[in-house]
Amino acid sequence: MEEFMILERIRLFKWNVAASHGLHAFQNQVLFLIKHRLFSTPETSNAGYSYPISHCFPFNPQCLSSTNNVEELGYEAVLSTQQFLEDRNIDALAIGISRHLVNNYSFGLETFSNPNAPKVLIVVEVKKTWVFKGFQYYGSGEIGRDRFNGGADIANEENILLRLSYLLGVPVLTALEPSDASEPLGLTQVPALHLFDLCDGGAFPADATCAICLEGLSMGSCRKMPCSHVFHGGCIAHWLWKKRSRPMCRSQLA
C-alpha cells in the first residue's frame, strides 16, 4: 500500500485555562486531527474520510524561540503521532508545520517567561489516504490542495476543547478558570500573517513609519490590514499574539 497525505489546515490559539484543584498544570500542545480513508478498488475511490482521530503532543514554550527550535518541534510532533509511515510524508508534514509557524506568527518574551500567560495550542488537521498498489490514484504524496470532499468541518473551538479535555483526562464537569484574568477564558484564535496583503516597503514614502515600532516602512516587508493601515510583518504578528484589536483604529479582528 502507498500512503498519501494532505495538510488541510493549521491554526494557532491562545489557550487560557488554569489547572484546577487536583489537576496537573496544562502545557502547550500540538493537537493533531487526522482523518483516514482507504482505496482498495475503483468502487471505493469516492469513499469519504473517517471521523478524525486525535493526538496531543506537549511541548516547552522554548520550542518556539527560534526557527531551528520550531523545525525540531515540527518533526518531534509528527513522529509522536505514529500515524505516518513514509519518510516523504513525515518530512512534508513537519516542514509544512514549521514553515507555517515561522512565517505567520511572532511570540514575545512573555510567552516564555510568564507562567500565568495563556498556553499555545497548535491545531493541525491532516487527511491521509491508503491506496493499494495497482490502483491508480491521482493524489499527491506531498502537501497539496485537497481534490476530494472531506465532509463537514467539525473542528470548531467547542469540539477542540472537548477533545483536549478527553486527551488530558479533564473531567467533563470540571469548572475551569483562566490562567490570565485579563484574557478570555478558553480558546482565542491568533490570525495568521498570510491572511493580510503583502506590501513592498520600498513603495512607501521615505518618511512613512510603522506605528508599532516607529521605524521606517521601507526597512522590511509589510502587511496591509483590512482597515488599510500598514505595518511591518513581524511587528503586526507580535501585536496580534498579544491583542485582538488593530493598532491604529482599535477595531476588533473577526
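What counts, and where the lines are drawn
- Residues numbered from 1 in each chain as written.
- Predicted model: local features only at pLDDT ≥ 70, side-chain atom pairs only at ≥ 80, totals over all residues.
- Heavy atoms only, no water.
- Salt bridge = Lys/Arg side-chain N within 4 Å of Asp/Glu carboxyl O.
- Helix = DSSP H or I, 4+ residues; strand = E, 2+ residues; numbered from the N terminus.
- Buried < 20%, exposed > 50% of the residue type's maximum accessible area, 1.4 Å probe, protein only.
- Expected span 1.5 Å × (residues − 1).
- Contact = heavy atoms within 4.5 Å.
- Core = buried A, V, L, I, M, F, W, Y, C linked by side-chain atoms within 4.5 Å.
- Pairing = 2+ DSSP bridges.
- Axes fitted to C-alpha atoms, helices over the stretch in contact; angles between N-to-C directions.
- Phe/Tyr/Trp six-rings, centres within 6.5 Å; stacked < 30°, edge-to-face > 60°.
- Lys NZ or Arg CZ within 6 Å of the ring centre and 35° of its normal.

Draft legend 1. Fine view of the pattern of salt bridges. Evaluated as defined, the whole model comprises five salt bridges. A salt bridge links Glu3 to Lys128; the nearest nitrogen and oxygen atoms lie 3.8 Å apart. Remark: Lys128 occurs in strand E4 (residues 119-131) and Glu3 occurs in strand E1 (residues 2-16); sequence separation between them is 125 residues. By relative accessible area, which is 3% here, Lys128 ends up buried. As a salt-bridge pair, Arg9 and Glu125 come within 2.8 Å of each other at their nearest N and O atoms. Highlighted residues: Arg9 in strand E1 and Glu125 in strand E4, separated in sequence by 116 residues.

Draft legend 2. Structural detail: helix H2 (residues 87-104). A rise of 1.5 Å per residue sets the reference length of H2, with its 18 residues, at 26 Å; its end C-alpha atoms lie 26 Å apart and thus fit the reference within 8%. Buried within H2 are the following residues: Asn89, Ile90, Ala92, Leu93, Ala94, Gly96, Ile97, Ser98, His100, Leu101 and Asn104. The elements touched by buried residues of H2 are E1, strand E2 (28-39), helix H1 (67-81), E4 and helix H5 (233-242).

Draft legend 3. Representation of the nonpolar core. Counting 30 residues, the largest nonpolar core has Leu12, Val30, Phe32, Leu93, Ile122 and Val124 as the members making the most contacts within it. For this core, the secondary-structure elements that each account for two or more residues are E1, E2, strand E3 (53-59), H1, H2 and E4. Setting aside anything within four residues of it in sequence, one finds Ile122 in contact with Ile10, Arg11, Leu12, Gln29, Val30, Leu31, Phe59, Leu73 and Leu101. Counting 15 residues, the second-largest nonpolar core is a separate cluster that includes Ala208, Cys235, Ile236 and Leu240.

Draft legend 4. Quick peek at the sheet that holds strand E7 (residues 222-224). Spatially, three strands are ordered E6-E7-E8 in an open sheet, and the strand pairing comes out antiparallel. On the outer flanks of this sheet lie strand E6 (197-199) and strand E8 (230-232), each paired with one strand and no other. Between one strand and the next, the sheet's axes are offset by a mean angle of 35°, whatever the strand orientation. Bridge analysis of E6 against E7 gives three bridges, and the strand direction is antiparallel. Paired with Cys199 across the two strands is Cys222, which belongs to E7. Along the sheet, H5 contacts E7 and E8; its crossing angle with E8, the most-contacted strand, is approximately 95°.

Draft legend 5. View of the packing of aromatic side chains. A full pass over the atoms with the stated rule returns zero aromatic pairs. One cation-aromatic arrangement involves Lys128 over Phe84; the distance from NZ or CZ to the ring centre is 5.5 Å.

Draft legend 6. Region of interest: the pairing of E2. In terms of burial, E2 is a largely internal element, eleven of the twelve residues being buried. Summarising the sheet, E2 and E3 pair through seven bridges and their orientation is antiparallel. Each bridged residue has a counterpart across the sheet, and for Ile34 the counterpart in E3 is Ile53. By the bridge criterion, eleven bridges tie E2 to E4 in an arrangement that is parallel. Bridge pairing in E4 links Arg37 to Thr129.

Draft legend 7. Structural detail: the sheet that holds E1. The strand order across the open sheet formed by five strands is E3-E2-E4-E1-E5, and the pairing between neighbours is mixed. This sheet does not close on itself; its edge strands, each paired only once, are E3 and strand E5 (186-189). Averaged over all pairs of adjacent strands, the angle between their axes in this sheet comes to 30°, without regard to strand direction. Note that E1 and E4 share 13 bridges and pair antiparallel. Looking at E4, one finds that Arg9 is bridged to Glu125. The strands touched by H1 are E2, E3 and E4; relative to E3, the strand with the most contacts, the crossing angle is about 140°. Most of the contacts of H5 go to E1, to which it runs at about 65°, and overall it touches E1 and E4.

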